[in-house]
Amino acid sequence: MDEVLDKLKVLRYQRDFCREGGFQSLNKYYFLLPAPNPNEQFFYFTSLCSWLLLKIGVQFEAPGQFDDPNASAADIANELKKLGVAFEFGPHKLKQGYGDAVVFSLQVLTDKLIQHRGVAFTKPVHKVDDYPDEAEVDVDAEVTAETIEETIAAHDDDEELFMDASPAASKMEDSKPLPVIQPTVDPSEWILEVERVAPMLKVQITNDNKDWRLHLEHMQQHHSTIATSLSETRGQLSKLQADIEKTLEKISSREKYINTQFETQIEEQRSLQDQLSELRQKYNVASTSVNELSNELGRVSEELDSVKNRMDEIGNGMTDSQPLVDIKKGTSRLKFDIKQMDLRIGVIEQTLLQAKLKNKGPMLAMPAFNPTLFV
C-alpha cells in the first residue's frame, strides 16, 4: 500500500481527485483494514478506480454512493480484464472495500496510468557523507572560566613586560600626581546600557548533534530523571503490591468462608445433578422405545387399512347384480343374432336352389319362396 500511495502522489491525486471530489487524503492503512463505515470506504475505492480509468482513457461511468455494490464491483473487474490484467479475485472481494484484491486493483491501475503518461523512475542518488563521526573541537571557540582566566593572566604578563621595559616612563608617572577622574555619565543610564549590551557580548556556540559531549549531557539528564522517577514509582508500586496482597488475602478468606457455608447445598446440588442425569438416561431409553412402538403401530395400521379395502371390494362384488343383468342382455342379443343368421342362411339356400333349377330347365314347377317358414 505504501507503493500505491507514493504512485498516487506522483500522479497528483490530492489536487486532481481529492480536491475536486471532496475526498480526504489516504493513509497507508485505509484499504488494508475494514473501516467503521464500509459504504464510505467502498465508495472511495470505486471513485478512485473510475478516476484512474478515465485518466487512462477508458470510458467508465463513475458509480454512485447508493448504487448496487455487486454491479459496481463486477464492472470494475470486467474493466481490469479488458485491460489485459490477470484478475484472479472474485467481484465479492472488491465488494468488501479492503483487502488484497482492492490493493492489487489500485496497484495495476496506477501502473497503467504511469505507463500511459510515460513517467520514468530512476534510482535515487545518495550524497556521500564526508562528515567525520565526531566534530572537530576548536579549543579557541570554547569560552569557559579557565580560558578567561588564562587570557587575563596573559594580558597581565604583557603589561608587566611593557612596564619593565620602560622604567623611565614609570618613574616619570610616579613622580607626577595622577588626576582624579570624575565620571560624567549618569549611573542609571550606565546600568541600562550595560543591561542592553551584556547579552550581545555573550558567545553562543551552536550545538552539534554529532558532538559526544552533548550526548553525554543528555544521557546524564535522562539518568537523573529516571533515577528520581524510579524512586517515586518504586514506592507507589510497593504500596500497590501491598494493597493487592491484602485484597487477595481477603478474597481467599471470603472464598473459604463461602465454601464452608454452602458445602451442604453443593452436595445437594451434586446429588440432584446425578438424579437428573439418571432421569435423562431413562427418558432417552423410553423415548427410543416409544419411537419403535409408534413405527410398529403405523405399519400395523397400514396393513389393517389394506385388509379393510380388500374386504370392501369383495363385499361389493357379492351384493352387486350388475354382472347378471349384463349376462341376460348378452344372451338376448345372441338369440336375436342367431335368428338373423338363420334367416340369411335360408335366403341364400333359396337363391342357390333357384339358380340350379334355372340351369337344368323348367322340369318341375316350384312353389314361390315364403320367408316366414324359417322364422
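Since the model is a prediction, treat every value here as computed from it, not as a measurement.

Undergrad: Before we go on, may I ask you to explain the overall build of the protein chain in this structure?
TA: A count of helical and extended segments in the protein chain gives twelve helices and zero strands. Traced from its N-terminal end to its C-terminal end, the protein chain shows the element sequence α-α-α-α-α-α-α-α-α-α-α-α. Taken over 375 residues, the protein chain has a buried fraction of 15%. Counted over contacts in the protein chain with a minimum sequence separation of 6, partners at least 24 positions apart contribute 58%.

Undergrad: Help me out: how do you make sense of helix α1 (residues 2–10) in this one?
TA: Side chains three or four residues apart in an α-helix point the same way, a direct result of the helix having 3.6 residues per turn. Here α1 has its buried residues at V4, L5, K7 and L8. The buried residues of α1 occupy one face: seen down the axis, they fall within an arc of 165°. Elements that come into contact with the buried residues of α1 comprise α2 (13–21), α3 (38–56) and α6 (100–117).

Undergrad: Would you mind showing me how to read the packing of α1 against α6 here?
TA: For any two helices packed against each other, the geometry is given by the interaxial angle and the distance between the axes. Packing of α1 against α6 leaves a shortest axis separation of 10 Å and a crossing angle of 35°. Crossing handedness for the pair α1 and α6: left-handed. Residues E3, V4, K7 and L8 of α1 pack against V103, L106, Q107, T110, D111 and I114 of α6. For the contact of α1 with α6, the residue count by class is five nonpolar, two polar and three charged.

Undergrad: Looking at this structure, I do not really get the side chain of S105. What am I missing?
TA: Tracing the chain through its elements places S105 in helix α6. Residues in contact with S105, not counting those within four places in the same chain, are F45, L80, F87 and L94.

Undergrad: What should I look at first to understand the side chain of S47 in this one?
TA: For S47, the position within the fold is in helix α3. The class for S47 is buried, based on a relative accessible area of 9%. Polar contacts involving the side chain of S47 include one to the main-chain carbonyl oxygen of F43, which spans 2.8 Å. When sequence neighbours within four positions are dropped, the list of residues in contact with S47 reads F17 and F23.

Undergrad: Just to check I follow, could you spell out the pattern of salt bridges for this structure?
TA: Opposite charge on two side chains permits pairing when their charged atoms draw close. As enumerated under the stated definition, the model contains three salt bridges in all. With its nearest N and O atoms 2.3 Å apart, the salt bridge here joins E193 to R196. Linking E193 with R196, this pair stays in helix α9 (residues 187–201), spanning three residues, or about one helical turn. According to the relative accessible area criterion, E193 is partly exposed, its value standing at 35%. The closest approach of N and O atoms between R299 and E303, which form a salt bridge, is 3.0 Å. Placement of the pair is R299 and E303 together in helix α11 (residues 263–319), with a separation of four residues, close to one helical turn. Taken together, the shared-partner salt bridges in this structure form one network comprising E296, R299 and E303.

About the criteria used
Within every chain, residues take consecutive numbers counted from 1 along the sequence as written. Residue-level local features of this predicted model are given only where pLDDT is at least 70; pairs of side-chain atoms are given and counted only at 80 or more, and the full residue set underlies all totals for whole chains, interfaces and linings. Calculated side-chain values reflect all of the structure's heavy atoms, with hydrogen atoms and water omitted. Helix and strand assignments follow DSSP, with helices taken as H or I runs no shorter than four residues and strands as E runs no shorter than two, numbered in order from the N terminus. Per-residue accessibility, obtained with a 1.4 Å probe over protein chains only, is compared with the maximum for each type, and a residue is labelled buried under 20%, exposed over 50%, and partly exposed between these values. It only takes one pair of heavy atoms within 4.5 Å for two residues to be counted as in contact. The arc in question is traced by the directions running from the helix axis to the C-beta atoms. An axis is simply a line fitted to the C-alpha atoms; with a helix, the fit covers only the stretch in contact. Between two such axes, the angle follows the N-to-C directions and lies from 0 to 180 degrees. Crossing handedness follows the turn of the near helix against the far one: under a right angle anticlockwise gives a left-handed crossing, and clockwise gives a right-handed one. Amino acid classes used here: Ala, Val, Leu, Ile, Met, Phe, Trp, Tyr, Cys and Pro are nonpolar; Asp, Glu, Lys and Arg are charged; the rest, including Gly, are polar. Two N or O atoms form a polar contact when they lie within 3.5 Å of each other; inside protein one atom must be a possible hydrogen donor and the other a possible acceptor, and for residues adjacent in sequence the pair counts only when both atoms belong to side chains. Every case where a carboxyl oxygen of Asp or Glu lies within 4 Å of a side-chain nitrogen of Lys or Arg is listed as a salt bridge.

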